[in-house]
Amino acid sequence: MKTRQSFALAALSLAILAGCNKAPEQNNIKSEAVQSEAAVVNVTAPVANKIPFEMTIHGDTRTDNYYWMRDDERKDAAVIAHLNAENTYTDAMLKHTKALQTTLFEELKGRIQKDDDSVPTKSGDYYYSSQTRGDNEYPTYVRSSDDKGTDQHVILDVNELAKGHDYFAATGLSVSPNGHLLAYGEDTVSRRIYSILVKDLKTGKLLEDKLEGTDGDIVWANDNKTFYYIKKDLQTLLGYQVYRHTLGTSQAQDELVYEETNTSYYTGLGKSKDKQEIYIWHGSTNASGVSVIDANDVKAQPKRLIEREENLEYDIAKLGDTYYIVTNLNAVNFQLMTVDKDKAHDKANWQTLIAARDDIKLEGIDLFTDHLVYKEREMGQSRLTIRNLKSGDEQQLSFNDSSYMVSTYGNNELDSESLRVYYASMTTPGSSYDIDLNSTTKTLLKQQQVIGDFNADNYASERLFITARDGVKVPVSLVYRKDKFKKDGTNPLLQYGYGSYGATMDPSFSSSRLSLLDRGFVFAIAHIRGSQMLGRPWYEDGKLLNKKNTFNDFVDVTKGLVTQQYGAQDKIFAMGGSAGGLLMGAVANQAPELYQGMVAAVPFVDVVTTMLDASLPLTTNEYGEWGNPDDKLYYDYMLSYSPYDQVSKQAYPNMLVTTGLHDSQVQYFEPAKWVAKLREFKTDDNKLLFKIDMEAGHGGASGRFKSLQDTALNYAFILDLAGIKK
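Residues numbered from 1 in each chain as written. Predicted model: local features only at pLDDT ≥ 70, side-chain atom pairs only at ≥ 80, totals over all residues. Heavy atoms only, no water.

Novice: Please explain the packing of helix α3 (residues 98-110) against helix α13 (residues 706-721) as it appears in this structure.
Specialist: The angle between the axes and the distance between the axes are what describe a pair of packed helices. Between α3 and α13, the shortest axis-to-axis distance is 8 Å and the interhelical angle comes to 130°. Between α3 and α13, the angle is such that the two are oblique. For the pair α3 and α13, the sense of crossing is right-handed. Together, Leu 100, Gln 101, Leu 104, Phe 105, Leu 108 and Lys 109 of α3 and Leu 708, Gln 709, Thr 711, Ala 712, Leu 713, Tyr 715, Ala 716, Leu 719 and Asp 720 of α13 make up the contact between the two elements. (Axes fitted to C-alpha atoms, helices over the stretch in contact; angles between N-to-C directions. Helix = DSSP H or I, 4+ residues; strand = E, 2+ residues; numbered from the N terminus. Parallel < 35°, antiparallel > 145°, perpendicular 65-115°, else oblique. Left-handed = near helix turned anticlockwise from the far one by under 90°. Contact = heavy atoms within 4.5 Å.)

Novice: How should I be thinking about the pairing of strand β36 (residues 597-601) in this particular structure?
Specialist: On a regular strand, one side chain projects to one face of the sheet and the next to the other, so that they alternate. Counting buried positions along β36 gives 5 out of 5 residues, so the element sits mostly inside the fold. Inspection of the sheet shows strand β35 (residues 572-577) paired to β36 by 5 bridges, in the parallel sense. Residue pairing for β36: Phe 573 is matched across the bridge by Gly 597. What joins β35 to β36 is helix α8 (residues 579-590), and the crossover it makes is right-handed. Summarising the sheet, β36 and strand β37 (residues 654-660) pair through 5 bridges and their orientation is parallel. Following the sheet pairing, Ala 601 is matched in β37 by Thr 658. (Buried < 20%, exposed > 50% of the residue type's maximum accessible area, 1.4 Å probe, protein only. Pairing = 2+ DSSP bridges. Right-handed = clockwise from strand over helix to strand, strands pointing away.)

Novice: Would you explain the sheet that holds strand β17 (residues 288-294) in this entry?
Specialist: Across a sheet, strands are paired by hydrogen bonds formed along the backbone, either parallel or antiparallel in direction. Ordered by their spatial adjacency, 4 strands build an open sheet running β15-β16-β17-β18, and the pairing between neighbours is antiparallel. Strands with a single pairing partner mark the edges of an open sheet, and in this sheet they are β15 (266-271) and β18 (303-304). With 6 bridges connecting them, β15 and strand β16 (residues 277-283) associate as antiparallel partners. Bridging across to β16, Thr 267 finds its partner in His 282.

Novice: Looking at this structure, I do not really get the nonpolar core. What am I missing?
Specialist: One broad rule of soluble globular proteins: the nonpolar side chains tend to lie buried together. Of all hydrophobic cores here, the largest spans 115 residues; its most connected members are Leu 83, Phe 521, Phe 554, Leu 561, Tyr 595, Trp 626 and Trp 674. If one sorts the elements of this core by residue count, α13 sits on top with 9 residues. If we skip the residues at most four places from it in the chain, Leu 561 touches Leu 464, Ile 466, Val 476, Leu 478, Leu 493, Gln 495, Ala 524, Tyr 566 and Gly 567. Residues Ile 306, Tyr 314, Tyr 323 and Leu 329 belong to the second largest nonpolar core, which totals 16 residues. (Core = buried A, V, L, I, M, F, W, Y, C linked by side-chain atoms within 4.5 Å.)

Novice: I would appreciate a short explanation of the packing of aromatic side chains in the present structure.
Specialist: Here the structure, examined in full by the defined rule, presents 23 aromatic pairs. Centre to centre, the rings of Phe 485 and Tyr 566 are 5.9 Å apart; their planes meet at 10°, and the pair counts as stacked. Of the two residues, Phe 485 sits in the loop between β32 (473-481) and β33 (493-496) while Tyr 566 sits in the loop between α7 (548-563) and β35, which places them 81 residues apart along the sequence. Both residues of the pair, Phe 485 and Tyr 566, count as buried. Consider the rings of Tyr 668 and Phe 669, whose centres lie 5.3 Å apart with planes at 80°: the pair is edge-to-face. (Phe/Tyr/Trp six-rings, centres within 6.5 Å; stacked < 30°, edge-to-face > 60°.)

Novice: I tried to follow the pairing of strand β6 (residues 140-144) on my own but got confused; where do I start?
Specialist: β6 sits mainly inside the fold: 4 of its 5 residues count as buried. As judged from the 5 bridges shared by strand β5 (residues 126-132) and β6, these two strands associate in the antiparallel manner. Bridge pairing in β6 places Tyr 127 opposite Ser 144. Sheet analysis places β6 next to strand β7 (residues 153-157), joined by 4 bridges and oriented antiparallel.

This is the structure:
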C-alpha cells in the first residue's frame, strides 16, 4: 500500500533522515549534459520558458506557467533538455565541493562493513539470510537447514541479475511451501512496476512463467503450483486486481479473483502464520479490512471478514480457530479484540482483550502458540510486552537507552520459544536480539558494526518537548557529539521532519550521520503532528483541515531549539523528503528567514494540481490524507498552503532540491515546476539547485554504495553553507 511516503515511508524518509547505509536510497545523479570546466565558469541558472496554462474550478482560475514540464512519457526533448541544464548548473555550482564530496563519500563508505551477513530467520524448513560482499552493490540471498549455515547455498544473487542495468530492484522474495521454488519481482526502470519470475531452486533455472505489470509480491497457495499476485493499473500505478496464477500456464489464462473498484483503497496480500489462510488486505487513509481465501483450495473465492465501513480500521492475526483483531472500533488509540473465526463476521461477537486507553496507542501484535507480544506507544516511546496466554502473566521488556526504537521482525513460526527484535537508538547501532518468551532473557545476535574509531560513549542523545504556538508540546529527538557540543548557540543544527500519513520516525542510528556530528552538527528530529508519535490524535491533528499544524510545529521547534541554544541562529538547516518535501516547501514559504539552507528530496509540492488529477498515481487513495479538492472547502485550504501555489516575492533559503525522472510517487515535474517558479519569484542571491537522477525513481539510486554519493552531495551542500570545508 504505497503512499507518497510509502513503506517505507517509512524507508525513504528514514534514509533521508539518517543518511542510512542501507535501504531506500535517494538520488544518484548522472547528468547527461556535463560540460567542460571552461564552459561552466560563467554558468547561469536555467530560466524556464513560461507557457500559461489555465485551470479553473470553483470559480477560481489558476495560471500555471510551467505546466508544460509534465511529460508522462518522459521523452519530450524540451523537457529533457531543461532537466539536463539543471543538472549542469548544479554540477557547476557545487564544483568547489567536489573534494568535500569525495571525502564524505569515502567516510560514509569506510564505516560500512563490506562483508556483512544478516541474522538468519527461520521460515518452514530453512533459515534465510542475506549477504553483501566486497564492493558489491546488491545482496545475495542464501538459505540453510540450520542457523549456523552448515549447508548454506545461494537462492538469488541480485548482483548477477543487476548486470547491464543502470537501475535494478528485486522485491517480494517468496519460497513455495515445499521449499522448491522461489518467486520474486524485478524492476529495471524504478517505476515500481515489477515482473514476477519463478526460479527452480533445485536446478537453478527460471521457469517459463513471467508475469508483467505487477506490484512484485506473491503469496503461494499450499499446492506449491498456484500463487496470487496483484496487477497494477499502468496509468495510476495502483495495484487493484488480484489474480490467481498456475505454474505452466500463460498470464492471459490467470483468474481474476478480486478487483478493487474503490480507487481510494490500496490492495495488499498476506498469509496467516499457520499458513492456512491467504489474506487480501484493503486499506484507505481512514479505513481498512480483509478478505479471506482458503490456502488449501485453489478454487476458493475471497470472502470479506466483515463489510467495510468508513473510519473503521482493523488487522487480524490467526491462532487456532481464533482471530486476534487490532482495531479502532470504539477505540481512538486502538484496542485488541478476539473472536472465534466462524463468528467474526458480526462485530457484536468481538470481545475486548486489551482495552483502549486515552494516552497509550496499541500499535501491533505478534502471536505464538503460548504467547502474545504486543507493541504500545506512550508519550512517544514504544515498548513491547509479552503475555503468557495460559497464565495471563505479563512481562514488559526493558532497554538501556532512555529513547529508542524497537520492533519485531522475522517471527514466522508459531511454535517458536523466542521473539526476534530489532533495537536501535540515536547512539546505539542497530541490534538484533532473540528474547526468550518465558524468561525475557535477551541474546544479542548481531549489532551493526561501524568500521573505524566509532565509540558510542562519544555521543549523547536527548529527548525534549517544545511548546508550539497553540500550546501543544512537540517531542524532539536530538543527538550530538559530546566534545563538539557547547549548548551556547554556536553549533550548526540540521532539523529533519516528515509529519504525514501517521508515519512515526523513531530515533534510530545512522553511521552516515556521524559525518555531521563529528563536524560539530546537532541533528534533530521534530516529531510534528501528522505522525503518531503521541498516538492517533497526533495524526488526526496534522492532516486534512489540520494540516497546517504540521508546518507550524516544525517552525516552532526550530525557534525553540534556537532559544534553548541547541543551534546557532544563523546556521540552522532543514531536510525532508516526499511528503516531508511538502513540509520543506511550506516552511520555506512561511519562515524562510529561520534557515540557512534546506534539502528537499523528491518533494510533493504541487498539492492542488496533483490532487485534482485522478490519473496520477496515488491521488484518489489520498483524499483521506489531504482532502478532495473537488470540494471547495478542501480546495481553498490546500491552496492556502500548497508550496507551489504560495511561492511569493521574498527571500528564500539556500536550497537543494532532488528528484528522479522515473519517480512513481511524486512525479518529477512537481519539483521541476517548483524550482522554476522559485527562480522567477525569489528576491535573494541564495543558491537554488536542482539535481535530477535521470535513471531512478522515488527511492533514488539502487545499490548500497551508489546511494552514498547522494548522501555525500547533500551533506557537502549543507557543510559548505555552514563554512565547514573539509
